[in-house]
Amino acid sequence: MVVLLIRRCAKNPLLRPLLTLGLCLVLTTAALSSRALAEQRTRGQSGLLLPRFVATSEAKANVRRGPGQEYPLLWQYQGLGIPLEIIAEYGHWRQIRDHEGDEGWMHMRLLRSTHRVMVQSGPHAIALKARPDTGASTRAYVSNGALGKVSQCSQGWCEIAIGDYDGWLPRDKLWGLHASDFTDD
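Parameters and conventions
- Residues numbered from 1 in each chain as written.
- Predicted model: local features only at pLDDT ≥ 70, side-chain atom pairs only at ≥ 80, totals over all residues.
- Heavy atoms only, no water.
- Helix = DSSP H or I, 4+ residues; strand = E, 2+ residues; numbered from the N terminus.
- Buried < 20%, exposed > 50% of the residue type's maximum accessible area, 1.4 Å probe, protein only.
- Contact = heavy atoms within 4.5 Å.
- Disulfide = S-S within 2.5 Å.
- Phe/Tyr/Trp six-rings, centres within 6.5 Å; stacked < 30°, edge-to-face > 60°.
- Salt bridge = Lys/Arg side-chain N within 4 Å of Asp/Glu carboxyl O.

**Student:** Could you clarify how one ought to interpret the overall build of the chain in this entry?
**Tutor:** A count of helices and strands for the chain gives two helices and 16 strands. Taken over 185 residues, the chain has a buried fraction of 37%. Within the chain, residue pairs in contact and separated by at least 24 positions form 52% of the contacts whose partners lie at least 6 positions apart.

Dropping the structure here:
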């Protein structure tokens, strides 16, 4: 039935522009809806979006089985700026997930909002480029697990500072960004 209606409208020169406009609206709505569904985010008790990325704010940060000091210690992160994903909130406690998928609870004072990421290059180092282009000159080679701070992203690349080096890496090689973070693509 719908196919027949579309065929009739396509044959009528007066209705073709309306058909084209209608199809454009349907496709645009579908594209926007699929992006929204791909990244469904809600607000936690703090009023901030969940899930969201943060980083450790202390050199030693304990992870517990539940949201409180009375819960057993699972492990301890050692290092500043390790990116983590907050997936739930309970009072001053945040349920986190790390780049390996491990989950636990941390007190909010051990976390800070920042655009820290972890390089996920696999077994080989990846080239840190001078510009967001595979043909650009290489500034350094970055190994898997390296930590850096993102300042902007564009066209599938992110500008990142890692130690004394800054440059561009492919966005898909970084863990610690949601699709809606740095959406100037």
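Okay, back to it.
**Student:** Which parts of the structure should I look at to understand the state of the cysteines?
**Tutor:** Joining two cysteines, a disulfide is a covalent bond between their sulfur atoms. In this structure the tally under the stated criterion is one disulfide. Disulfide partner of Cys153: Cys158, at an S-S distance of 2.1 Å. Across the S-S bond of Cys153 and Cys158 the torsion is about 100°, and the bridge reads as right-handed.

**Student:** Where do I start with the packing of aromatic side chains in this structure?
**Tutor:** The description of an aromatic ring pair rests on the distance of the ring centres and on the angle between the ring planes. Per the counting criterion, the structure on display carries two aromatic pairs. A centroid spacing of 5.0 Å and a plane angle of 85° characterise the contact between Phe53 and Trp175, whose relative ring orientation is edge-to-face. One end of the pair, Phe53, is in strand 3 (residues 52-56); the other, Trp175, is in strand 16 (residues 174-175), and 122 residues separate them in sequence. Owing to a relative accessible area of 17%, Trp175 belongs among the buried residues under this scheme. Here the aromatic rings of Trp75 and Tyr77 are separated by 6.0 Å at their centres, their planes lie at 90°, and the arrangement is edge-to-face. Under the relative-accessibility criterion, Trp75 is labelled partly exposed at 26%. Taking the relative accessible area as the measure of exposure, Tyr77 reaches 10% and is therefore buried.

**Student:** Where do I start with the pattern of salt bridges in this structure?
**Tutor:** The full count for this structure, using the stated rule, is six salt bridges. Glu103 is the partner of Arg97 in a salt bridge, and the nearest nitrogen-oxygen pair spans 3.1 Å. Through salt bridges that share partners, Arg52, Glu89 and Arg94 make up one connected network.

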